[in-house]
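If you want the building blocks of each chain, they are given just below.
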Amino acid sequence: MTSLPKDRIRNIGIVAHIDAGKTTTSERFLYYTGRSHKMGEVHDGLAVMDFREDERDRGITISAAATTLTWRDHRFNLIDTPGHVDFTAEVERALRVLDGAVVVFDGVEGVEPQSETVWHQADRYGVPRIAFINKMDRIGADFEAAVSGIEKRLGATAIPIQMPDGSAETFAGIVDLVESTYVTFDEGTLGRDVAYAPIPARLAALSEAWRSRLIERLAELHEPLADLFLAEKPITASDLRAALRAVTVAGKAVPILCGAALRNIGIQPLLDAVCWYLPSPTDVGDATGTDPRDGKTVVRAPVDTAPFSALIFKVQANAAADLFYLRVYSGRLEAGERAWNPRTGERERLRRMLRVFADRGEAVAVAEAGDIVAVTGLHRSVSGDTLCAEGQPILLEPIRFPSTVVSIAIEPKTSGDRDRLAELIPRLQREDPTLRASVDPETGQSLLSGMGELHLDVTLKRIEREFGIRLGFGKPRVSYRETIRASAEGSATYQRQVGGEPLFARVRLRLAPLTDQGGRTEVLDAMAQGTIPSAYLPALRESVANAAEGGGLYGYPVTGVSATIEDAAFSESGQPEIAINSAASHAFREALRAAGPIVLEPYGRLEIHVPEDYVGVVMKTLQQRRAIVLDTGFARESAVIRGVAPIGEMFGFLTALRSQTQGRGSYMLEPLDYRPLPDNLTALHHDKLIG
Ligand code: GDP
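Residues numbered from 1 in each chain as written. Predicted model: local features only at pLDDT ≥ 70, side-chain atom pairs only at ≥ 80, totals over all residues. Heavy atoms only, no water.

K.L.:
Hey, could you go over the overall build of the protein chain for me, with residue numbers and the actual values?
P.N.:
Helices and strands together make up the secondary structure of the protein chain, namely 17 helices and 37 strands. Scaling as 2.2 N^0.38, a compact globule of 691 residues should have a C-alpha radius of gyration of about 26 Å, and the protein chain matches this with 29 Å. Overall, the protein chain is about 105 × 65 × 60 Å in size when its C-alpha atoms are taken along their principal axes. Here the protein chain holds 691 residues, and the buried ones make up 53% of them. Across the protein chain, contacts joining residues at least 24 apart in sequence account for 74% of those joining residues at least 6 apart. The centroid of the 78 positive side-chain charges in the protein chain is displaced by 2 Å from the centroid of its 93 negative side-chain charges. (Helix = DSSP H or I, 4+ residues; strand = E, 2+ residues; numbered from the N terminus. Rg over C-alpha atoms; globule rule 2.2 N^0.38 Å. Buried < 20%, exposed > 50% of the residue type's maximum accessible area, 1.4 Å probe, protein only. Contact = heavy atoms within 4.5 Å. Lys, Arg positive; Asp, Glu negative; His and termini not counted. Charge placed at Lys NZ, Arg CZ, Asp CG, Glu CD.)

Encoded structure:
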């Protein structure tokens, strides 16, 4: 069985502001691409995967991270881009694995604040885009205004390749400026039947003007077309398509289409445009990563003959089996073979591989460069991990699990659910490595920690709704830290007789503040060679690191400090590790005491969208919550407030915002850094001070 040529693969996402029509457009994509025809995607001789009934019932595809569609001999892997801004790692990872995006705009609202956020994220990842101005049937829909919004507000070079015939109730069809045809969609077949006709005379002059503008703009960006244009040679549809493809893939311009997804208008031309203008994995080129052995940069070409490499961009906990979604960047791997996970240092067998379609999953025998598949059977891998050829390792994404900033105590309402919850938590963590579970040492309660109040809220709701475990929970709490502002030294001696043997250790170290207050504490040593036997050095350094992590004088983890071991001595009799550990942690505390520790609290980056009228009241609330507003802007009727805020002060803010704005405000808060707690609030922590 020959595999599908890579230039026929499109890994795409649909991104949009809430309510612009992303869901409707995605559903129409699934509807028109049907899947009665079986081309390319099913490898010969393989039975359709036998999903268990309950798996089918649960509708794994409803929430599938990637769905495969077939359109005009192309395979589209439609990657779900989470709209939820609280899970930034997830949004960014989705943007990372897609090669191109369809951005849906509301034809009435045009560019909305949230579309700016995703647009700039896509800019950062260099994702080529085409835009779909949806809802042209709505009163007030204005194609030109939307196009100019994309230019002005998003700073893009917009190239309309269609022109709507009418708007609102007169919206009847679309002029295809590339082909110079008039396209209509048959209501009787829910838009399945598309008619292509000559442009009606009443639209001739207008569409000629739009087409000239299209050619002029393209000629500015694409030399071969400029040559034709200047030589006044005839320009064909295929010349235009080649030029459009080149400038879109290069990220120089954005083709603009229009339609009304709900009225089944404009979807097929949009699907065509994905084929014509968005890049294939081959266009995207080499993937870059690092060699985990030496940290050097390595690249992998998107070809089957290169060493295997893939990124796990999403893990979905399902009732029956967890699904791991892989974007394969290079090489190929057959179902049942093993791949290497450089983070865990383990081999993982890709037991079953499947492709998820609108209605079911189908087994595939092999995963090839450029493609996206879901696999089952992985044990230790989590979202964000790389899988690769063992002898030729590569890390595609830096291993960066940001530390959690908010925790909540949880308890199942029925004791029978205790075991189920204990089983479920690790699965949720595979899906979302920013979640942590622990036990509160003071109360013995189970704690769930994450990136924010909303993050935990969504997770708790899921546990209840999807897995049927009813939970009782406490109030969310932020995780504090401790650091120092000045350098100081501390030393400690441990001396004791244990079982007749003398135990002795002495440690002297120096603490100094680092610029990144919330960053991990560094342990260095400045001892002359031979001060202590080198075999004990790792144990000594680890003791210091553990002292920092275990908590400082307030009991919070010590961060943003460099600890330099200046001198050490110990007796090798008995169990020297015990003595070293005790002396190191006492010396650490002494130095901390001498430096005078301060408490840090987590801050988040804040972005609020509210109708202009509510700005005053929201600003006042923000002030009460110690938020710092950095800038405000206006976008149509909506104001955008950006700033930073202490995460602990923002608990309950969403509810407050909704009630203050009649439900019209939205906000996001993303962990940013740690900053000193004001003195009056630090005083509240004094009872925790040790010694
Ligand atoms: P999403 O939030 O971006 O996923 O948007 P949805 O697809 O859920 O659409 C939001 C609302 O707009 C729904 O009520 C849709 O029925 C409606 N809608 C979507 N597309 C169109 C369209 O082309 N015309 C009109 N008039 N309404 C639409």
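What follows picks up the thread again.
K.L.:
Run through the site of the ligand, naming residues and quoting values.
P.N.:
The local shell around the ligand holds 15 residues, among which D19, K22, T23, T24 and D137 are the closest. D19 places a main-chain nitrogen or oxygen 2.7 Å from an oxygen atom of the ligand. Interatomic distance of 2.4 Å between a side-chain N/O atom of T23 and an oxygen atom of the ligand. Burial of the ligand by the surrounding chains reaches 73%, relative to a free accessible area of 570 Å². For the shell around the ligand, the leading source of residues is helix 1 (residues 22-33), giving three residues. Across the shell around the ligand, the residue classes break down as five nonpolar, five polar and five charged. (Near = heavy atom within 4 Å. Polar contact = N/O pair within 3.5 Å; in protein donor to acceptor, adjacent residues only side chain to side chain. Areas by Shrake-Rupley, 256 points an atom, 1.4 Å probe, with all protein chains shown as cover. Nonpolar A, V, L, I, M, F, W, Y, C, P; charged D, E, K, R; others polar.)

K.L.:
Please give an account of empty space enclosed by the protein that cites residues and values.
P.N.:
Under the criterion given, the structure shown has three cavities of 30 Å³ or more. Taken as a whole, the largest cavity holds about 110 Å³ of empty space. Around the largest cavity, the lining comprises 13 residues; the ones closest to its centre are G452, E453, L454, Y667 and L669. Elements represented by at least two residues in the lining of the largest cavity include exactly helix 12 (453-467) and strand 37 (666-676). (1 Å grid on protein atoms, 1.4 Å probe; cavity = no way out; pocket = protein on both sides within 12 Å on 5 of 7 lines; lining within 4 Å. Points joined across faces, edges and corners; volume = space filled by probe spheres on them.)

K.L.:
Explain the packing of helix 8 (residues 237-249) against helix 9 (residues 267-277) residue by residue, including any values.
P.N.:
Interhelical geometry of helix 8 versus helix 9 gives an angle of 75° and a closest axis separation of 9 Å. Taken together, the axes of helix 8 and helix 9 are roughly perpendicular relative to one another. Together, R241, L244, R245, T248 and V249 of helix 8 and C275, W276 and Y277 of helix 9 make up the contact between the two elements. Class assignment for the residues of the contact of helix 8 with helix 9 results in five nonpolar, one polar and two charged. (Axes fitted to C-alpha atoms, helices over the stretch in contact; angles between N-to-C directions. Parallel < 35°, antiparallel > 145°, perpendicular 65-115°, else oblique.)

K.L.:
Can you lay out the sheet that holds strand 5 (residues 129-134) for me, pointing to particular residues and giving the numbers?
P.N.:
The strand order across the open sheet built from seven strands is 2-3-1-4-5-11-6, with neighbouring strands paired in mixed fashion. The open sheet has two edge strands, strand 2 (66-71) and strand 6 (158-160), and neither has a second partner. Here the strands of the sheet are splayed against their neighbours by 30° on average, with no regard to which way each runs. Of the pairings in the sheet, the one linking strand 1 (residues 9-16) to strand 3 (residues 74-79) comprises five bridges and is parallel in character. Its bridge partner being in strand 3, I9 is matched across the sheet by R75. Contacts from helix 1 reach strand 1, strand 2, strand 4 (100-106) and strand 5, with the element oriented near 50° to strand 2. (Pairing = 2+ DSSP bridges.)

K.L.:
Requested: an account of the packing of aromatic side chains, with residues and values cited.
P.N.:
Enumeration according to the criterion identifies seven aromatic pairs in this entry. Here F143 and W210 contribute two aromatic rings whose centre-to-centre distance is 5.7 Å and whose plane-to-plane angle is 40°, an arrangement assigned as tilted. With F143 in helix 5 (residues 143-154) and W210 in helix 6 (residues 201-221), this pair connects stretches of sequence that are 67 residues apart. Among the residues examined, F143 registers a relative accessible area of 4% and is labelled buried. For W210, a relative accessible area of 9% translates into the label buried. Directly above the ring of W210 sits R213, whose terminal nitrogen or CZ lies 4.8 Å from the centroid. (Phe/Tyr/Trp six-rings, centres within 6.5 Å; stacked < 30°, edge-to-face > 60°. Lys NZ or Arg CZ within 6 Å of the ring centre and 35° of its normal.)

K.L.:
I'd like a rundown of the sheet that holds strand 9 (residues 181-185), residues and numbers included.
P.N.:
Read across the sheet, four strands follow the order 7-8-9-10 without closing on themselves; strand pairing throughout is antiparallel. Single-partner strands in this sheet number two, and they are strand 7 (162-165) and strand 10 (194-197). Pairs of neighbouring strands in the sheet enclose a mean axial angle of 25°, with direction left out of account. Along the sheet, helix 9 contacts strand 7, strand 9 and strand 10; its crossing angle with strand 9, the most-contacted strand, is approximately 125°.

K.L.:
I'd like a rundown of the pairing of strand 14 (residues 309-316), residues and numbers included.
P.N.:
Most of strand 14 is tucked away, with eight of its eight residues classed as buried. Pairing geometry for strand 14 and strand 15 (residues 323-330), over seven bridges, is antiparallel. Note that in strand 15 the partner of V315 across the bridge is F324. Bridge count between strand 14 and strand 23 (residues 386-388): three bridges; the pairing is antiparallel.

K.L.:
Describe the pattern of salt bridges, and please don't skip the residues or the numbers.
P.N.:
Going through the model one piece at a time under the given rule, you end up with 40 salt bridges. Between E368 and R332 there is a salt bridge; the shortest N-O distance is 3.9 Å. Of this pair, E368 sits in strand 21 (residues 366-368) while R332 sits in strand 16 (residues 332-334); the two residues are 36 residues apart in sequence, bridging distant segments of the chain. By relative accessible area, E368 is classed as buried at 12%. The partly exposed category is assigned to R332, whose relative accessible area is 37%. A salt bridge links R642 to D631, with the nearest nitrogen and oxygen atoms 3.9 Å apart. Remark: D631 occurs in strand 35 (residues 628-635) and R642 occurs in strand 36 (residues 638-646); sequence separation between them is 11 residues. R642 gets classed as partly exposed once you look at its relative accessible area, which sits at 29%. (Salt bridge = Lys/Arg side-chain N within 4 Å of Asp/Glu carboxyl O.)

K.L.:
Pulling in residues and values, what's your account of the packing of helix 6 against helix 7 (residues 223-230)?
P.N.:
A pair of packed helices is captured by two measures, namely the crossing angle of their axes and the spacing between those axes. One can describe the packing of helix 6 onto helix 7 by two numbers: an axis separation of 6 Å at closest approach and a directional angle of 125°. Between helix 6 and helix 7, the crossing angle belongs to the class labelled oblique. As for how helix 6 packs across helix 7, the hand of that crossing is left-handed. Facing I215, E216, L218, A219 and L221 of helix 6, the residues of helix 7 in contact are E223, L225, A226 and F229. When its residues are assigned to classes, the contact of helix 6 with helix 7 shows seven nonpolar, no polar and two charged. (Left-handed = near helix turned anticlockwise from the far one by under 90°.)

K.L.:
Got a sec to walk through the environment of E116? Specific residues and values, please.
P.N.:
Its place among the elements puts E116 in helix 4 (residues 113-124). E116 sits 34 residues away from I150 along the chain, and the two C-alpha atoms are 9.4 Å apart.

K.L.:
Break down the state of the cysteines for me, citing the residues and quoting the values.
P.N.:
Cysteine pairs can be linked by a disulfide, which is a covalent bond between their two sulfur atoms. In the structure shown here, the tally under the stated rule is zero disulfides. You can see C258 has no disulfide; the closest cysteine sulfur is in C275, sitting 19 Å from it. (Disulfide = S-S within 2.5 Å.)

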